[in-house]
Each structure stands twice: as structure tokens, then as C-alpha cells.
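Structure at a glance
Each chain is listed here by its residues.
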Amino acid sequence: MKDRVYNFYAGPGALPLPVLERVHSEFFNYNNTGMSVMELSHRTDEIQHIIDDSGARIKRMMNLSDEFEVIFLQGGGSLQFLMVPMNLSHPGDKIDYIDTGYWAEKAIKAAKSLGRDLEIIAASGDRNHTYVPNSDSIQTRSEAKYLHLCTNNTVVGTQFHNFPKVPIPIVADMSSDFLSKAIDPSPCACIYAHAQKNVGLSGVTAVVIRKSILENSPDDLPELLDYRTHIERKSNYHTPPCFSIYVMWQILRWIEEDIGGVEAMEKINWQKSSALYDFIDATPLFDCPVEVESRSRMNVVFRLPTKSLEEQFIQEAFESGLVGVAGHRTQGGCRVSLYNAVTLDAVKNLIEFMDKFAQKTNY
Ligand code: PMP
């Protein structure tokens, strides 16, 4: 489609064009119901099928055994910062966290507000969050109920490429790398992902939960904030964000059927991010501050030598149809997000632009 730009926003961001086309083609009449999916009652078989099939696809693509359930909630990643400690621990319990910057710190602040014995057992603030702590060196406290980490740090552009090997269950905020790669979920008790980045549309939050961990949940949780409610009611306890779930479902179908699954998706994501990192490392005008081993395959952050050059770069990129390359407002600089829907072609165009910009500034 020739009037569309290349979208590098950190989320909400690009959606796969085939998904937009499918949504468009069935917008007024979903599956011969004579209604838009936006007009369907959440109690219809159509909506429940979309919810159930989305869960089944996530289970298949993430290699989740029947020990796990997938539920779809509202309230974003931010509500999970509270629901995780509420459901997986009791007041006074030990819970361990890794601090890798902005979103990890929000999760820590939320959990602390609930009166848990929270300890930050590893952190990357000593080097301005330009790396993630080495997975092999992470040690949890005995009796801690879980270890929480943010697998991909959207703001600072770092990523854990493996789960730490620890003797307690892991809770992973995978908001910005969910279904971008193959993972082994066996060390996890809970994985959650807000939308919209790699899958979904904002309004829906996917939560993967190991059922057995909920046997110890407090009995006095408010019904709405209890994972067990949403498992029992098949993510349809109260009005779900039907349209957001529907778009997520279309994206899941696209990953599974068009792309060929998460392994194939991962390959494309590595190709895209490697091309960009290689170019940045070879071009003196651009500098990626993130240590090589910790670099995110989703969010590539980089700097130019001065603030005014950065502003010029972002402005000229925008004028060339390359949108969303400014860094997070707390960081400045530049950030390019390469979620599943961003094509290799988009990255090639960006690199071409960056190359021309570097030649022009003659740095
Ligand atoms: N975790 C991560 C890693 C994120 O990137 C974000 C949002 N960008 C959140 C949590 C918060 O999600 P929400 O805005 O839906 O609360």
C-alpha cells in the first residue's frame, strides 16, 4: 500500500498488513453473522471461539503443557504488576525482583505497595541499565515465592536471551518480546504481556499461568483480581475487550499460518535487528550504548553526537516516511522498535536513510 509509512513506534506500533486487510474485509459482516465483530455480544459462540482459539494458539506456539492456562485480561502490564504479587504471595512473603530499569522498577514499586518482603537481588543501574545481569550469576533467596524479571526492557533496549536458572518459579514480564521468539516456558509460573507490541491490540493483556501455583493464592482476593476467576470463566467473567482480542487472534493466526510459527518469526527478528546493529556499529555517527550480549532484538536504542543532530535526524526521518524513531521521553536519543509486524524491507529502508544522513553530515 503506497500511502503507508514505515512505523517504528515502541507500542502501540506497526500491525501486519495482512492482518489489517483481513480485519478490513470482515469489518461489516463477521463470519456471516451480518454484524461487525464489534457489534457481537461477548456471550456469543463467535466471541468465545475467538477467545478459546487465541489461547490454544498461544499454548501451541509457546510449547505450553496442560499445566498452564492462558487468560486475557484488561488493565495492561501495569495491573499485572499488582495482580502477580497479590495472587502469587501473601503479605509479608519474600519475593525477589531484578531491576533492569523503567518497567522493572514500576513492577517493583507496585509490589512493594502491597507490603511484601521484596528484595532486588540483581540490578543494572550501576551502568545506567545498559546491560542485563548475567543469568548464570543470579541467586534468589531461599523461601522467596518467585523471581520477577522484565525479559525485554522496552525503554533502554536490553533483553534477557535466557531465563536465569534459579530454584524458584519465574514470573516474566514479556510485554515487549512475547511471541517474538521460541522459549522454554518450563521455569515459569507466570508470563504476561500487555498490548500492543508483538501481538494484540491495546486493551487486552495476555497472561500465561501455571495452575498449580494458584493453589496457594490468598482466599480473600477480590474476585476480579483473582486469576482463578478468569480461568474458570474462560476470560469472559465480565465484558472482555472483544475487538482487541479479535485483532490479537488475527495476529496469532498470521504468526502461526503465514509466518510459520515463532521459530520462523525469531529468525526474521534476528535478521532485522542484526542488520541494524551491524550498520550502527560500522557507522561513527551512530552509537548504541547497550552492551553487545544484552542487546534487545526488539528495541534498538542509539545516540548521535549532539541533541540537535538527534532532533534533525528524527525530523528528517519522519519527513521521509520513517515514523517513531525518537527515544523514550525519559531517555532522549533514538529508539527503533522492530516488533513482529515490522518488515525486513522497513529496516532496509531505514538503514538506507541512516546511511544517507551519515554521509550528508560527514561525521
Ligand atoms: N512492561 C513493559 C516491558 C512495557 O514495555 C510496558 C509498556 N510499554 C508495560 C509493562 C506497561 O504496560 P501498560 O502500559 O499496558 O500498563
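Residue indices follow the written sequence of each chain, beginning from 1 at its first position. Only residues with pLDDT of at least 70 get local features here, since the model is predicted, and only at 80 or more are side-chain atom pairs given and counted; chain-wide, interface and lining totals rely on the full set of residues. To get the side-chain values, take all heavy atoms of the structure and skip hydrogens and water.

1. Topic: the domain arrangement of the protein
Frequently, the measure chosen for interface size is the accessible area that the parts lose on association. To be explicit about the condition: Boundary definitions for the domains trace back to an automatic or database domain assignment. Between two residues, a contact is recorded if the distance between any of their heavy atoms is within 4.5 Å. By convention, the term buried area covers the 1.4 Å-probe accessible surface removed from two parts as they join, with the contributions of both added. When a carboxyl oxygen of Asp or Glu lies within 4 Å of a side-chain nitrogen of Lys or Arg, that pair is called a salt bridge.
When the domains of the protein are assigned, the result is domain 1 (6-17 + 261-361) and domain 2 (18-259). The C-alpha-based centres of domain 1 and domain 2 are spaced at 26 Å. Listed as interface residues are 36 residues of domain 1 and, on the opposing side, 37 residues of domain 2. With both chains or domains summed, domain 1 and domain 2 bury close to 3,000 Å², and 57% of this area falls on carbon and sulfur atoms. The largest contributions to the domain 1 side of the interface with domain 2 come from Leu15, Leu17 and Val262, which together make up 21% of the buried area. Counting across the interface, domain 1 meets domain 2 through 1 salt bridge. Across the salt bridge formed by Glu291 and Arg127, the nearest N and O atoms sit 2.8 Å from each other.

2. Looking at the pattern of salt bridges
Two side chains carrying opposite charge are able to pair once their charged atoms lie near each other. Stated formally: Numbering goes from the N terminus for both helices and strands, where a helix is a DSSP run of H or I of at least four residues and a strand is a run of E of at least two.
For the structure on display, the rule yields 18 salt bridges. Linking Arg60 and Glu256 is a salt bridge whose minimum nitrogen-to-oxygen distance equals 2.7 Å. Taken together, the positions of Arg60 in helix 2 (residues 45-61) and Glu256 in helix 6 (residues 242-259) put the pair 196 residues apart, joining distant regions of the chain.

3. Digging into the side chain of Thr151
Selection criterion: Between buried and exposed lies partly exposed: a residue is buried under 20% and exposed over 50% of the maximum accessible area for its type, with that area taken using a 1.4 Å probe on protein chains only. A 3.5 Å cut-off defines polar contacts: any pair of N or O atoms within that distance qualifies, except that in protein one atom must be a possible hydrogen donor and the other a possible acceptor, and neighbouring residues in sequence count only when both atoms are side-chain atoms.
The residue Thr151 is located in the loop between strand 5 (147-150) and strand 6 (152-153) in this model. The exposure class assigned to Thr151 is buried, which follows from its relative accessible area of 3%. A distance of 2.7 Å separates the side chain of Thr151 from the side chain of Asp177, its partner in a polar contact. Not counting residues up to four positions away in its chain, the partners in contact with Thr151 are Thr158, Gln159, Phe160, Phe163, Ala172, Asp173, Met174 and Asp177.

4. Overview of the site of the ligand
Defined as follows: When we say a residue is near a molecule or strand, we mean one of its heavy atoms is within 4 Å of it. Surface exposure here means Shrake-Rupley accessible area, sampled with a 1.4 Å probe, where a residue is shielded only by the protein chains that are shown. Note that Gly is not counted as nonpolar here; it falls among the polar residues with everything else outside the nonpolar set of Ala, Val, Leu, Ile, Met, Phe, Trp, Tyr, Cys and Pro and the charged set of Asp, Glu, Lys and Arg.
The ligand sits among 13 residues. The nearest are Ser78, Thr154, Asp173, His194 and Lys197. In this structure, His194 approaches the ligand through a side-chain N or O atom, which is 2.5 Å from an oxygen atom. Considered on its own, the ligand offers 400 Å² of accessible surface; in the complex 85% of this is hidden by protein. No other element matches the 4 residues that helix 3 (residues 76-88) contributes to the shell around the ligand. Residue classes in the shell around the ligand are distributed as 3 nonpolar, 8 polar and 2 charged.

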